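If you want the building blocks of each chain, they are given just below.
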Amino acid sequence: MIINILAGGPEELLPDFTDYTEENAIWVGVDRGVFHLLNRNIIPEIAFGDFDSVSPEELVFIERQVSKMKRYKPEKDETDMELALNWALAQKPSIIRLFGATGGRLDHLFANVHLLLNPLKEKNPASVYLIDRHNIAFLKEPGSYSIEKMKTKKYISFVPLTLEVSGITLEGFKFPLKNKHISLGSTLCISNELISDYGTFSFSEGILIVIRSHD
């Protein structure tokens, strides 16, 4: 199972959803993201939010079409996106994609990046991706990984999310590394590129944000 979650970030940053409409994909709407889905003729399986970012008329439109809604007061301990992600993780999918979670407010952006930690903390095997028109971001724990070249997103960056990331090695990249140590705040691993169809990256300690981008 794949779960796609659309939040209410700027519409101009949303990718083409035709690339993410597999038969086994479930759509979930978050606050104004529900309205964006309905405008694309996608009816979400479930909707989450306090719906403070939609007008009364838009909320009526949403309520007429979405049968399962989880409504919350604006004063709560979790963001709407965290509530939706927690629900998605409980469904035990193989993949979760977060859309509409970048751009606009920086506090929301940083919070959504940090939400990628939730499956790691819970030892949940779901792969969670943060996706917009220009980027795909995901987290990795220590290990060795293969990574494939993408024509549409040629840049690959590795950003430490912990104070230290140890033993990072990049093979098959334009700028290779061997057993390098990087600290939080380092820009050493920004804007690398694969030189063949596949490359590998590995590290021994810490957590990395992997970001695939295009200009």
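Shown above is the structure to which this text applies.
Presented here is an overview of the structure given in this document. (Residues numbered from 1 in each chain as written. Predicted model: local features only at pLDDT ≥ 70, side-chain atom pairs only at ≥ 80, totals over all residues. Heavy atoms only, no water.)

**What to know about the overall build of the protein chain**
Logical step 1: Looking only at helices and strands, the protein chain has five helices and 14 strands in total.
Logical step 2: Here the C-alpha atoms of the protein chain give a radius of gyration of 18 Å, agreeing with the 17 Å that 2.2 N^0.38 yields for 215 residues.
Logical step 3: Here the C-alpha coordinates of the protein chain stretch approximately 55 × 35 × 30 Å along the principal axes.
Logical step 4: Relative to its full complement of 215 residues, the protein chain shows a buried share of 46%. (Helix = DSSP H or I, 4+ residues; strand = E, 2+ residues; numbered from the N terminus. Rg over C-alpha atoms; globule rule 2.2 N^0.38 Å. Buried < 20%, exposed > 50% of the residue type's maximum accessible area, 1.4 Å probe, protein only.)

**Here's the deal with the sheet that holds strand S12 (residues 192-193)**
Logical step 1: The strand order across the open sheet built from ten strands is S4-S3-S2-S1-S5-S6-S7-S14-S9-S12, with neighbouring strands paired in mixed fashion. The open sheet is flanked by strand S4 (69-71) and S12, the only strands paired with a single partner.
Logical step 2: For strand S5 (residues 95-99) and strand S6 (residues 127-131), the ladder comprises four bridges, and the chain directions are parallel. By the bridge assignment for S6, Ile-96 is matched with Val-128.
Logical step 3: Set on the sheet, helix H1 (residues 32-39) makes contact with strand S1 (2-6), strand S2 (25-30) and strand S3 (46-49); between it and S2 the angle comes to about 130 degrees. (Pairing = 2+ DSSP bridges. Contact = heavy atoms within 4.5 Å. Axes fitted to C-alpha atoms, helices over the stretch in contact; angles between N-to-C directions.)

Fair warning: the whole summary comes from geometry, so function is off the table for now.
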